Amino acid sequence: MTSEQTLTGKRILIFVGDIYEDLELWYPHLRLQEAGAETVLAGLKAGETYDGKHTYPAKADVAISDVDPSTFDGVVCPGGFMPDKLRREDKVKTIIRHFHEKGQLVAAICHGGWLLASAGICRGTKQTGSPGIQDDMVHAGVTWEDAEVVVDGHIVTSRRPDDLPAFCRALIDVLEKQAS
């Protein structure tokens, strides 16, 4: 196993839906695969193709309603307009709470933090995200930090696409620590 394959055997769920932020889905998706993890895209309908904000398509591997979170090691919540729609889905919130309760990776970038707030897992945590959701996150109980990445135990958050290199390094670091 090379040093680039440190996540072999890990399965990571990534939410996908209409008008996701293209880079915030694809960069972690591909970077986690490069590190050896299996990534699974979960949307409202299995096999459905969703367009990102910049029209890059992503096909859901599985329906959110069919996800068994106990078969995964963590979840990534990309931003865009997608989180505002998905946070209304009870199963999405249940999945996020599962990972949080197990101390497994819960990661969100940009507007993806809305999913964490709606799942009710923010109180007493340190997080960052898009400046546009700062008030919502503070009201949900977050201690807000304006940083490229904030790691609070198993919760990893970032602000925007420019922060993706730091975000992905932190994802991998948290997952490696969970393996040891």
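Worth saying up front: this structure is predicted, and the values here are computed from it rather than measured.

**Looking at helix α3 (residues 90-102)**
Taking 1.5 Å per residue, 13 residues should reach 18 Å; α3 reaches 18 Å between its end C-alpha atoms and fits that length. For α3, the set of buried residues is V92, K93, I95, I96, H98 and F99. Downstream of α3 by one or two residues, G103 has phi in the positive range, about 70 degrees.

**Describing the nonpolar core**
With 57 residues, the main nonpolar core has L13, F15, L32, I96, L116 and L171 as its most contacted residues. Among the elements that make up this core, the one with the highest residue count is helix α6 (residues 164-179) (eight residues).

**Details of the packing of aromatic side chains**
Applying the stated criterion across every chain yields a total of one aromatic pair. Residues W26 and Y56 carry aromatic rings whose centres are separated by 5.4 Å and whose planes lie at 80 degrees to one another, so their mutual orientation is edge-to-face. Note that W26 is positioned in helix α1 (residues 22-34) and Y56 in the loop between β3 (49-51) and β4 (57-59), a separation of 30 residues in sequence. Residue classification places Y56 among the partly exposed positions, given a relative accessible area of 47%. If you follow K53 out to its NZ or CZ, it ends over the ring of F81, 5.4 Å from the centre. Looking at R87, its charged tip hangs above the ring of W114, at a distance of 4.5 Å from the centre.

**Overview of the UniProt feature "domain: DJ-1/PfpI" (unreviewed entry) in the protein**
The sites that carry the UniProt feature "domain: DJ-1/PfpI" (unreviewed entry) are, in the present numbering, residues 10-172. For residues 10-172, the helix share is 33%, the strand share is 25%, and the end-to-end C-alpha distance is 11 Å.

**Quick notes on the pattern of salt bridges**
Counted under the stated rule, the structure contains nine salt bridges. Note that E38 and R11 form a salt bridge whose closest N and O atoms lie 3.1 Å from each other. Taken together, the positions of E38 in strand β2 (residues 38-43) and R11 in strand β1 (residues 11-15) put the pair 27 residues apart, joining distant regions of the chain. For R11, a relative accessible area of 24% gives the class partly exposed. The shortest N-O distance in the salt bridge between R88 and D84 comes to 3.4 Å. Accessibility expressed as a relative area gives 24% for D84, which makes it partly exposed.

Procedures and definitions
Residues numbered from 1 in each chain as written. Predicted model: local features only at pLDDT ≥ 70, side-chain atom pairs only at ≥ 80, totals over all residues. Heavy atoms only, no water. Helix = DSSP H or I, 4+ residues; strand = E, 2+ residues; numbered from the N terminus. Expected span 1.5 Å × (residues − 1). Buried < 20%, exposed > 50% of the residue type's maximum accessible area, 1.4 Å probe, protein only. Core = buried A, V, L, I, M, F, W, Y, C linked by side-chain atoms within 4.5 Å. Phe/Tyr/Trp six-rings, centres within 6.5 Å; stacked < 30°, edge-to-face > 60°. Lys NZ or Arg CZ within 6 Å of the ring centre and 35° of its normal. UniProt positions renumbered as here; feature names shortened; annotations may be inferred. Salt bridge = Lys/Arg side-chain N within 4 Å of Asp/Glu carboxyl O.

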